[in-house]
Amino acid sequence: MSMTRGTPSKVAPGGTIGILGGGQLGRMLALAAARLGLRSHIYSDTDPAPAFDVAHERTLASYEDRDALARFARQCDAITYEFENVPATAAEVLSAHTPTHPNARALAIAQDRLDEKRFVADLGLATAPFAPVSSIEEAGAAFARIGRARAVLKTRRFGYDGKGQAIVSSADEAEKAFQRFAVPCILEGFVPFAFEASVIAARAMNGQFAAYDPPENMHADHILRRSVVPGRLSADAGVAAKSIAQRIADAFDYVGVLGVELFVTGEGELIVNEIAPRVHNSGHWTLEACIVSQFEQHIRAVAGWPLGDPRRHSDAVMENLIGADAENWPALAAGPGALHLYGKREIRPGRKMGHVTYLSPRTTPASGG
Ligand code: AMP
């Protein structure tokens, strides 16, 4: 606990932000907290963890260890997450002791692709056509019902970077994919999008809202390769994307940063793909191109501070360094970009090792947050 306490919901400088999860997002959150004079305490079930290297305190324990979670919570003034698959018990134990954001409901909905789609559709926002699949018969029937030549079967929980997903083009293939996954799934009609975009936004405890300009995102092998801002999204679609994020954040009574992944059709329609209840890889460029980055924005929200200015002063391209890309660090360090390496000791294929952001003078007029 800090010596200098703020109001009950405000964590004053010197206070401690607890972060569940020890990956690169936790690392960049801890660095942002340090800049504001806040301390960070990282809780991770894995050692080494990129975030341990830059934190004031660490707890190495399972996310199911109620005693360790309670001890951790008592040492923190506010708590947040850097990944969405936090067990419900952890969220419950932590929030019983210490203000924890985002809230358990937002986390639970974002953890389940079916609940998430229903939540988004209930807000009147566009999603891919979808149907629940919990049996082999339902898999075939759902494919027939969605009535598209192609569909994507996804596990309801624990999918990321394309894991737990199969593209299917017949009822038979949908059934076979379901048999392979053998867990509750969702079938989504395949969206013939022109490109993908995302909106990274923040909501504070008093409802204040701030959104960054939405980047266009390019993926390879289901992993984000590059985010570009401005991308192909029109100015009007950018405004619409921010208001989608605001609708979602308000409906969740959300506190913190969230990412909303969007498909953009050839007609410019925005279709919500997924909500990330955390800082997001497609927002890393905000570290250099904005006065207040997504990481600082998240810490501000969780600590009960006012949000900062999300405006972008430069155009930006963010390139992920995946697997062996990181071996190229000497050349990247000599180049014009801002190099970030996450301190991961072992290079593995598909592993996010770092990123580089390139800035150039702003080409479109600045819009408000
Ligand atoms: P997700 O894990 O849901 O973010 O999906 C990973 C990637 O798979 C997306 O970024 C898309 O490129 C692709 N994808 C997922 N769902 C669909 C869909 N319904 N239609 C078309 N492409 C999809």
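Residues numbered from 1 in each chain as written. Predicted model: local features only at pLDDT ≥ 70, side-chain atom pairs only at ≥ 80, totals over all residues. Heavy atoms only, no water.

A short note on the site of the ligand
What counts here: Note on terminology: near, applied to a residue and a molecule or strand, indicates that one of the residue's heavy atoms is within 4 Å of it. Any pair of N or O atoms that falls within 3.5 Å is considered a polar contact. Within protein, one atom must be able to donate a hydrogen and the other to accept it, and sequence-neighbouring residues count only if both atoms are side-chain atoms. Only the protein chains shown count as cover for residues, and all accessible areas are computed by the Shrake-Rupley method using a 1.4 Å probe.
Lining the immediate environment of the ligand, one finds 16 residues, of which K154, Q165, V191, E196 and E274 sit closest. At 3.0 Å from a nitrogen atom of the ligand is found a main-chain nitrogen or oxygen belonging to G189. For the ligand, a nitrogen atom lies 2.8 Å from a polar atom in the backbone of V191. Here the ligand, which alone exposes 470 Å², has 91% of that area covered by the protein.

Comments concerning the domain arrangement of the protein
As a reminder, the rule being used: Domain ranges listed in this record stem from an automatic or a database domain assignment.
We note that the domain assignment places domain 1 (16-100), domain 2 (129-189) and domain 3 (193-361) within the protein. Distance from the C-alpha centre of domain 1 to the C-alpha centre of domain 2: 34 Å.

Points about the environment of T265
Definition in use: Think of it this way: any DSSP run of H or I at least four residues long counts as a helix, any run of E at least two long counts as a strand, and we number them from the N terminus. The contact rule is simple, with two residues in contact once any of their heavy atoms fall within 4.5 Å.
Along the chain, the position of T265 falls in the loop between β13 (256-264) and β14 (270-276). Sequence separation of T265 and V133 is 132 residues, and the distance between their C-alpha atoms is 26 Å. Apart from the residues lying within four places of it in its own chain, the contact partners of T265 are F193, A194 and I271.

Observations regarding the side chain of H280
Secondary-structure assignment places H280 in the loop between β14 and α9 (286-289). A distance of 2.7 Å separates the side chain of H280 from the side chain of S282, its partner in a polar contact.

With respect to the packing of aromatic side chains
The way to describe two aromatic rings as a pair is by their centre distance and the angle between their planes. Defined as follows: Planes of paired rings set the category: under 30 degrees apart is stacked, over 60 is edge-to-face and the rest tilted, where pairs are Phe, Tyr or Trp rings (Trp by its six-membered ring) whose centres lie within 6.5 Å. Our definition puts a charge over a ring when NZ of Lys or CZ of Arg is within 6 Å of the ring centre and also within 35 degrees of the ring normal.
Evaluated as defined, the whole model comprises seven aromatic pairs. An aromatic cluster of at least three residues, connected via ring pairs, comprises Y43, Y63, F72 and F83. A cation over a ring is seen here: R157 above F158, with NZ or CZ 5.1 Å from the ring centre.

Some details on the packing of helix α6 (residues 136-146) against helix α7 (residues 171-181)
Cut-off, in case you're wondering: Axis lines are fitted through C-alpha atoms, for helices just across the contact stretch, and the angle between N-to-C directions can take any value from 0 to 180 degrees. Handedness of a crossing follows from how the near helix is turned relative to the far one, being left-handed for an anticlockwise turn of less than a right angle and right-handed for a clockwise one. Note on residue categories: nonpolar means Ala, Val, Leu, Ile, Met, Phe, Trp, Tyr, Cys or Pro, charged means Asp, Glu, Lys or Arg, and polar means any other residue, Gly included.
Viewed as axis vectors pointing N to C, α6 and α7 meet at an angle of 145°, and their least axial separation amounts to 8 Å. Between α6 and α7 lies a crossing of right-handed hand. Each of I136, A139, G140 and F143 in α6 lies in contact with α7, whose residues at this interface are A171, A174, E175, F178 and Q179. Tallied by class, the residues present in the contact of α6 with α7 amount to six nonpolar, two polar and one charged.

Focus: the pattern of salt bridges
Should the charged atoms of two oppositely charged side chains come close, the side chains can pair. The cut-off we apply is this: The working definition used for a salt bridge is a side-chain nitrogen of Lys or Arg within 4 Å of a carboxyl oxygen of Asp or Glu. Under the scheme applied here, a residue whose accessible area is under 20% of the maximum for its type counts as buried, over 50% as exposed, and between as partly exposed, the area being computed with a 1.4 Å probe on protein chains only.
Tallied over the full model, the rule gives 25 salt bridges. Of the charged contacts in the structure, one is a salt bridge between K242 and D213, with a shortest N-O distance of 2.9 Å. Residue K242 is found in helix α8 (residues 235-252), and its partner D213 is found in the loop between β10 (209-211) and β11 (216-220); the two are separated by 29 residues along the sequence. The exposure classification of K242 matches that of D213, with both residues buried. Between D309 and R311 there is a salt bridge whose closest N-O contact spans 2.8 Å.

Description of the sheet that holds strand β7 (residues 165-168)
Applied cut-off: At least two bridges found by DSSP between two strands are what make those strands a pair.
Sheet architecture is open: four strands sit in the order β5-β8-β6-β7, paired in antiparallel fashion. The sheet is open, and its two edges are formed by β5 (130-133) and β7, each paired on a single side. Averaged over all neighbouring strand pairs, the angle between strand axes comes to 25°, with direction disregarded. The sheet contact formed by strand β6 (residues 151-155) and β7 spans four bridges and is antiparallel. In the sheet register, K154 faces β7, and the bridge partner there is Q165. In the packing of helix α5 (residues 113-122) onto the sheet, the strands contacted are β5, β6, β7 and β8 (185-189), and the crossing angle to β5 comes to about 150°. The sheet strands contacting α6 are β5, β6, β7 and β8, and the helix crosses β5 at an angle near 175°.

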